[in-house]
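This is what each chain is made of:
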Amino acid sequence: MPARDIESIDCELAVYRKGFLSVHINLSRGYLTWRESNCWTNNFTRSLRPEQIDQIRRSLMESNWILKLPELLEHPVTTGRLLTDDSPDTNRSSIAWSLCLKTPEGFRRGTGSSMNTLPEGLNPLKQTIESISRLPFALR
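The present account deals with the structure reproduced in this document. The residue numbers shown here count from 1 along each chain, following its written sequence. Residue-level local features of this predicted model are given only where pLDDT is at least 70; pairs of side-chain atoms are given and counted only at 80 or more, and the full residue set underlies all totals for whole chains, interfaces and linings. Hydrogen atoms and water are omitted, and side-chain values are computed over all heavy atoms in the structure.

Considerations on the packing of aromatic side chains
What counts is decided by this rule: Between the rings of Phe, Tyr and Trp (Trp by its six-membered ring), a pair exists once the centres lie within 6.5 Å; its type follows the angle of the planes, with under 30 degrees stacked, over 60 edge-to-face, and the other angles tilted. Numbering of helices and strands starts at the N terminus; helices are DSSP runs of H or I of at least 4 residues and strands are runs of E of at least 2. We call a residue buried when its accessible area falls under 20% of the maximum for its residue type, exposed when it is over 50%, and partly exposed in between, using a 1.4 Å probe and counting protein chains only. Lysine NZ or arginine CZ positioned within 6 Å of the ring centre and within 35 degrees of the ring normal marks a charge as sitting over the ring.
In this structure the tally under the stated criterion is two aromatic pairs. On the numbers, 5.9 Å between centres and 10° between planes, the contact of Trp-34 with Phe-44 is stacked. Separated by ten residues along the polypeptide, Trp-34 in strand 3 (residues 31-36) and Phe-44 in strand 4 (residues 44-47) bring together distant segments of the chain. Residues Trp-34 and Phe-44 agree in their burial class; the two are buried. With a centroid separation of 6.3 Å and 85° between ring planes, the pair formed by Trp-34 and Phe-137 is classed as edge-to-face. Of this pair, Trp-34 sits in strand 3 while Phe-137 sits in the segment after helix 3 (123-133); the two residues are 103 residues apart in sequence, bridging distant segments of the chain. Phe-137 carries the same exposure label as Trp-34, and that label is buried. In this arrangement the basic side chain of Arg-46 is found over the ring face of Phe-44, its NZ or CZ atom lying 4.2 Å from the centre.

Here we look at the side chain of Ser-8
Keep this limit in mind: Residue contacts are defined here by distance: any two heavy atoms, one from each residue, within 4.5 Å place the two residues in contact.
Mapped onto the elements, Ser-8 comes out in strand 1 (residues 8-15). Once you skip the residues sitting within four places of it in the chain, Ser-8 turns out to touch His-24, Ile-25, Asn-26, Leu-27, Cys-100, Leu-101 and Lys-102.

Considerations on helix 3
Keep this limit in mind: The directions from the helix axis to the C-beta atoms form the arc being described.
All of the buried residues along helix 3 are Pro-124, Leu-125, Thr-128, Ile-129, Ile-132 and Ser-133. In a view along the axis of helix 3, the buried residues occupy a sector of 150°, so they form one face of it. Tucked inside the fold, the buried residues of helix 3 contact strand 1, strand 2 (19-26), strand 3, strand 4, helix 1 (50-62) and strand 6 (95-103). One or two residues past the end of helix 3 sits Arg-134, with phi positive at roughly 65°.

Laid out in structure tokens, this is it:
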């Protein structure tokens, strides 16, 4: 799947007892929506310039594993759901993450959890989101 086929991206980061951060990026329409559960002053929507959209697509190409996420038949529910997941992994971990890509063919989603870091393959996209939003993709 080429990065140019991606219509939108939903990223979520949840930290146990700190809340969640959700970022929706619509590449087709050119906007970014940021929602942070514990800091309402950081909730905003911004339009994206064409060069920012290209920057996001380049960072997706740098993260080869992102483009190999499993396909889903229907749209997954993401925002605010990571902390309510009862899976044993989530309960033992301090950080849970979710990434969903929308393409013309459907959706691709990856989720995971760890004690204190995001997966290495997510870093190019994380850094691009931080650069464009001018906020750290982290919960304090």
